[in-house]
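Spelled out, the chains give:
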Amino acid sequence: MSFQITDIPRILPELMLLLLGLMVLGSDVLTRWGRGPQAQLERAREAGQLTAIGLGLIFIVGLVQSRFLFTVPDPSGGPLDVLLTLGRNLQAGGPGGSPILGAFATDEFTMVARLTFIGAAFLTTLLAMGYRLTANPGEFYGLLIFSTLGMSIMAAATEFILAYLALELSSISLYVLAGYFRESERSPEAGLKYFLFGSLSSAIFLYGISLVYGFVASENQKAGGTPIVATLFSEVGRFATGDAASSPLLILGMLFVIAGLGYKISVVPFHTWAPDVYQGAPPPVTAFLSTASKAAGFLLLYRLLTTAFPGAVGTPRLEEFSGWTSVLAILALVTVIVGNLAALPQTNARRLLAYSSIGHAGFLLLAALIWSSTSPADRAFGTAALIYYLIVYTLTNLGSFGVLAVLTNALGSDDLGAMQGLWQRNMVLTLMMTILILSLAGIPPLAGFWAKFFVFMAGYQAGAVPLVTIAVIMTVVSLYYYLRFLKAMWILPAPETTPFKTPPVANAAIIVSTVLVVLLGLLPNLIWGTISTAASVAAR
Amino acid sequence: MPLRQRSVRNAVVSMNSVPLLSVMIWLPALGALVVLALPRQNVAAQRGVSLGAALLALAAAVGVALFFNPAHAGFQLVERVAWVPSWGISYTVSVDGISLWLVVLTAFLTPIALAASWGTVERQERAFHALVLLLASGLFGVFTAQDMLLFYVFFEFTLVPTALLIGIWGGAERRYAAIKFFAYTFSGSVFLLLGIIGLYLLHGQATGVYTFDIATILASLQLGALRLDTGAERLIFGLFFIGFAIKAPIWPFHTWMTTAHAEAPSSGVVDIIGLLIKIGAYGLIRFNVQLFPAAAAWAAPAVGVLAVIGILYAAWIAYQQTDMKRLLAYASVSHVGLIVLGIFALNTQGIAGAVAHMVNSALTTGALFLVVGMLVARRGSRELKAFGGLWKTMPWLGSLTLLLALGSIGLPGLNGFVSEFTVLQGSWRSPGLGWRYTLPAILGVVFAAVYLLHMYRTAFMGETLPELARAPDVRPRELALLIALATPVVVLGLYPNALFGPMQQSVTQIAQGTLPYLASR
């Protein structure tokens, strides 16, 4: 396994993201902007447009490259040959291969993840363009892109050091973004809290890695070899089998790794930063933070656990504790309970959705439990359920946090009280929010229903019946706080009935995500096939 | 549209390729979208489009009834499109003798309810019409779905429009009523979903065929390919039962319904198509009795007790009411008791009578809700005390109301009598229930006469209150609506075979399924 020049096209989207980030930063810095508000507006618009166009382009490149939609035919002497040749070349870097000395997997799993993150960043950019950005738009969008880059590498990383670097890249950009509103009361607090939690967690993660590394070295020495530098997940997986899989060193390392990533996916008890940060960060950032960042954490955790610790998989049944599925089962149990119950008394819409997203993290963990089964079909199903849930969750939460961003912008508040009688003020927004909230609650035939359904089925098949039962009960509990949104928007009397307009770009983002939620609800098969392919690759 | 006509169990009437059921289901939803796209000020167009969509759906339903072959017991006019094939989920719609009636009923009542709302919706009429149409689509879907998951989807789908209609356009306590309605029914539906998934998994594990198709599961159960052990069957029966008992509603789960009726928009739209058309009772027949006959026979005595308590208790409370909508709401709970009693008689008469009573009580009670709506529009109050001597000023309304009330009470010659009599006969002859259940139920029927005549006497007889001296009699539109509802009341009363004929085969088949379990008692 050595470096090959053909690996470059495989990581083309990442390279393009890097370039785009630098371009956005550069074009903002290198232009002399006027001081007036008009010039500032122009400046923000330029950075936003560049980002949106760039991300859209990269999304298309990623989509063509992945071969999910179509395989480009051979050029046949027609006028479209240039395009066809381009497409062929792109798809030559499609699924398969292991660039950067095997540290980076460019399989279908990565492709799906990459598209999810870039899509989420694109929608976030649209939301941000509809939001008043005060200062340094170039930095804002640049950081957004770098963070996307980090996430996309996180999901693709198959090596500890690269995973750590990617984690840091995405997190550090997000710390700054969370604290981006320097004048606001809550935003710097959010940034600082997020930073403190994040840096502590990444230290824990790093410590876990070092323990795992020590484990591999000592195992290797026991076997008579020299202590080698093995930081690839699969190398660790090779050693962590049989008796060695229950070595305390390895288990401790694994727990540290899970704990370190736990903050990224905000599962209880590593969740405490989430409500404050979600509430305090600029609303479009919250949308991004609660979706793409969480999804990246999940995908990394999943790939890491399944390739580095397949020997320590254990069982998710709560009565016999063993392996990481037990750990995840316990985390899932606490997370669904705490997340959903804590959401009940909230009065701030963003804080409420923050707790709800913690609850969703618990549901998501259910999907990973099925890895305890030895059948590849079961494992593939669990993985597919996980990815499906992540995509749906990303779309739904982007949309609903987007609505809250619009509300904060237009009404100056995102308390539930401010949403009262919304339907008389902005019907389209209310309809979209209603659909999104119903999808979060899991009402059929919206996408959220299928996501929950698949995940519960996975949990059930993994044998975690009591856990699934509790999760179902918590779904009913969650309905109560989701209903509060509907009650506020539709039923409670409006303090004011003057209509307001949604900024067109933000509206586009919200409508796109809502339409996708409805579409994926009516036709869950639309992406299930692709996801299954990705899942069966990851489950091998 | 890739559509495949397929016979599931029995031969199916061959039909041209028009997917009549799907047209019927989706026409109102399409109408709702069109209505929402109309300009806000153009109320006439909104009314026209929504009524037109409802009438077209009615035409489609009539078409369904014409193509329906009453000689066959199983599901007919099957339309099937794969939805999530990897999970055995399909969009499969069909009708049998039982669902046919509920489909026709829904199609018949929707345009009436829509026309009844004209002039009573003060704000956002556009959204109002759209929601009513969506509700109709949902109801059609519930009654035709032959796939359990599709059924669940439509079941949930009916909740949102109903809750919004009550919550936005309802009476003074509308918010509380809407939330209560939603919370109750949704919690019930979670049990339903669990039951559905449980049955799906058990069926898949036993036969290797993972499917949500009701006909397939039914066939596996009947052929013995899927044998549920007693505990599992009772558990799943229980899950389904809780869901439908709340929805029906069976005493003691009825409290959401009386609040919902009382606070629903005064025109009676929601009362008629949102609450009176009995999804819950239909579900009890379709799932609980048809799929789990043994558990149904086991549970029949207990359910019978609940039903009888419901009949008597609700009738008694209805008599105590001073609010006309609440009175009718409790009357309708009492009717549900009778319907459930008929279903759990588990014999042909009982089930046929129950289905017939679903139709009849929806017609008569619905018509009475319309009458109350008209009275409220004239007086601005639902209180019984606020009315008196109306017959003098409103002779047309007075006489039609009397006819409808008598139909609801069960006067021989009108529709209510036929179904009540059949239900009572069924429950008497049922080995699971017997005369101990029938006698108190008959008492409840007598109570019905008491509370309805009491209401009629207070409102229409006696001295005319001065406030009502100038109240205008029914307008042509209102008269047309009442006559449209009164016609089947008379026709079905005089010729009940029209009601029982088409459902006979399906009901007989379901009742036969329970026979072995009843005989073994």
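Residues numbered from 1 in each chain as written. Chains lettered and ligands numbered in written order. Predicted model: local features only at pLDDT ≥ 70, side-chain atom pairs only at ≥ 80, totals over all residues. Heavy atoms only, no water.

### Observations regarding the overall build of chain B
Counting secondary structure elements, chain B contains 21 helices and two strands. On C-alpha atoms alone, chain B measures out to a radius of gyration of 22 Å, which is about the 24 Å that the 2.2 N^0.38 rule sets for 521 residues. Each principal axis of the C-alpha distribution contributes one length, and for chain B these read about 75 × 55 × 40 Å. The buried share of chain B, taken over its 521 residues, is 64%. Considering only contacts within chain B whose residues lie at least 6 apart along the sequence, 80% involve residues at least 24 apart. Of the side-chain charges in chain B, 30 are positive and 19 negative, and the distance between the mean point of each set is 1 Å. (Helix = DSSP H or I, 4+ residues; strand = E, 2+ residues; numbered from the N terminus. Rg over C-alpha atoms; globule rule 2.2 N^0.38 Å. Buried < 20%, exposed > 50% of the residue type's maximum accessible area, 1.4 Å probe, protein only. Contact = heavy atoms within 4.5 Å. Lys, Arg positive; Asp, Glu negative; His and termini not counted. Charge placed at Lys NZ, Arg CZ, Asp CG, Glu CD.)

### As for the overall build of chain A
Each helix and strand in chain A was counted, giving 21 helices and zero strands. At 23 Å, chain A has a C-alpha radius of gyration in line with the 24 Å of a compact globule built from 540 residues. Its C-alpha atoms put chain A at 75 × 60 × 45 Å along the principal axes. Looking at chain A as a whole, 61% of its 540 residues qualify as buried. Considering only residue pairs separated by 6 or more positions, chain A has 78% of its internal contacts joining residues 24 or more positions apart.

### Remarks on the environment of E189 of chain A
Residues and elements named next belong to chain A. On the secondary structure map, E189 appears in helix α8 (residues 187–222). Owing to a relative accessible area of 38%, E189 belongs among the partly exposed residues under this scheme. A C-alpha to C-alpha distance of 8.3 Å links E189 and D276, two positions 87 residues apart in sequence.

### Brief notes about the interface of chain A and chain B
Accessible area lost during the coming together of the parts is what is often quoted as the interface size. Each partner contributes to the interface: chain A provides 29 residues, whereas chain B provides 30 residues. Three residues, W423, F453 and I491 of chain A, lead the burial of chain A against chain B; their summed loss comes to 20% of the area buried on that side. Summed over the shared surface of chain A and chain B, the number is zero salt bridges. Taken together, the links from chain A to chain B amount to three residue pairs in polar contact (both at pLDDT 80 or more). Among the elements that take part in the side of chain A that touches chain B, helix α19 (residues 465–491) of chain A stands out by supplying seven residues, more than any other. In terms of residue class, the side of chain A that touches chain B is built from 25 nonpolar, three polar and one charged. (Buried area = accessible area lost by both parts, 1.4 Å probe. Salt bridge = Lys/Arg side-chain N within 4 Å of Asp/Glu carboxyl O. Polar contact = N/O pair within 3.5 Å; in protein donor to acceptor, adjacent residues only side chain to side chain. Nonpolar A, V, L, I, M, F, W, Y, C, P; charged D, E, K, R; others polar.)

### Side note on helix α19 (residues 435–460) of chain B
With 26 residues, α19 of chain B extends 37 Å between its outermost C-alpha atoms, agreeing within 8% with the 38 Å of an ideal straight helix rising 1.5 Å per residue. Positive backbone phi, at 75°, marks G462 of chain B, one or two positions downstream of α19 of chain B. (Expected span 1.5 Å × (residues − 1).)

### Some thoughts on the side chain of N288 of chain B
Residue and element names in this part refer to chain B. On the secondary structure map, N288 appears in helix α12 (residues 279–291). Judged by relative accessible area, which is 0%, N288 ranks as buried. Here the side chain of N288 touches F237 through a polar contact of 3.2 Å, landing on its backbone oxygen. Ignoring sequence-local partners within four residues, the contact set of N288 consists of F237, F240, F241, F244, G283, P293 and A296.

### Concerning the pattern of salt bridges
Residues and elements named next belong to chain A. Under the criterion given, the structure shown has 20 salt bridges over all chains. Two residues, E14 and R114, come together in a salt bridge whose shortest N-O distance is 2.9 Å. On the criterion of sequence distance, the pair formed by E14 in helix α2 (residues 12–30) and R114 in helix α5 (residues 108–129) is long-range, its members being 100 residues apart. Both residues of the pair, E14 and R114, count as buried. Close ionic contact of D414 with R350 constitutes a salt bridge, the shortest N to O distance being 2.6 Å. On the criterion of sequence distance, the pair formed by D414 in the loop between α15 (376–411) and α16 (422–425) and R350 in helix α14 (residues 349–369) is long-range, its members being 64 residues apart. Judged by relative accessible area, D414 falls into the buried class, the value being 9%. For R350, a relative accessible area of 5% translates into the label buried. Taken together, the salt bridges that share partners define one network made up of E189, K193, D276 and R351.

### Description of the packing of α5 of chain A against helix α20 (residues 504–522) of chain A
Residues and elements named next belong to chain A. Put simply, α5 and α20 touch, their axes get as near as 7 Å, and they point 145° apart. Here α5 and α20 pass one another in a crossing that is left-handed. Contact residues: α5 offers L123, L126, L127 and M129, while α20 offers V505, A506, A509, I510, V512 and S513. Looking at the contact of α5 with α20 residue by residue, the classes come out as nine nonpolar, one polar and no charged. (Axes fitted to C-alpha atoms, helices over the stretch in contact; angles between N-to-C directions. Left-handed = near helix turned anticlockwise from the far one by under 90°.)

### Concerning the side chain of R378 of chain B
Residues and elements named next belong to chain B. Structurally, the position occupied by R378 is in helix α15 (residues 348–379). Polar side-chain contacts of R378 include one of 3.1 Å to the backbone oxygen of M374. Not counting the four nearest positions on each side in its chain, R378 is found in contact with M394, A471, P472, D473, V474, R475 and E478.

### What to know about helix α6 (residues 137–156) of chain A
Here α6 of chain A contains 20 residues, and its C-alpha end-to-end distance of 29 Å stays within 8% of the 28 Å for a straight helix at 1.5 Å per residue. When you tally the buried positions in α6 of chain A, you get 19 out of 20 residues, the bulk of the element.

### Examining the packing of α15 of chain A against α20 of chain A
Residue and element names in this part refer to chain A. Here α15 crosses α20 at 145°, and the two axes come no closer than 9 Å. Between α15 and α20 lies a crossing of left-handed hand. Packed against α15, whose contacting residues are Y388, V392, L395, T396, G399, G402, V403 and V406, the element α20 presents A506, I510, S513, L516, V517 and L520 at the interface.

### Digging into the layout of surface pockets
The volume enclosed by the largest pocket comes to roughly 1500 Å³. Forming the boundary of the largest pocket are 41 residues, of which V518 and L522 of chain A together with W26, L134 and F157 of chain B lie nearest the centre. For the lining of the largest pocket, the secondary-structure elements that each account for two or more residues are α17 (427–441) and α20 of chain A together with α1 (20–37), β1 (76–84), α4 (125–144), α5 (148–157) and α6 (159–169) of chain B. Ranked by residue count, the leading element in the lining of the largest pocket is α1 of chain B, at eight residues. Looking at side-chain class alone, the lining of the largest pocket contains 38 nonpolar, two polar and one charged residues. (1 Å grid on protein atoms, 1.4 Å probe; cavity = no way out; pocket = protein on both sides within 12 Å on 5 of 7 lines; lining within 4 Å. Points joined across faces, edges and corners; volume = space filled by probe spheres on them.)

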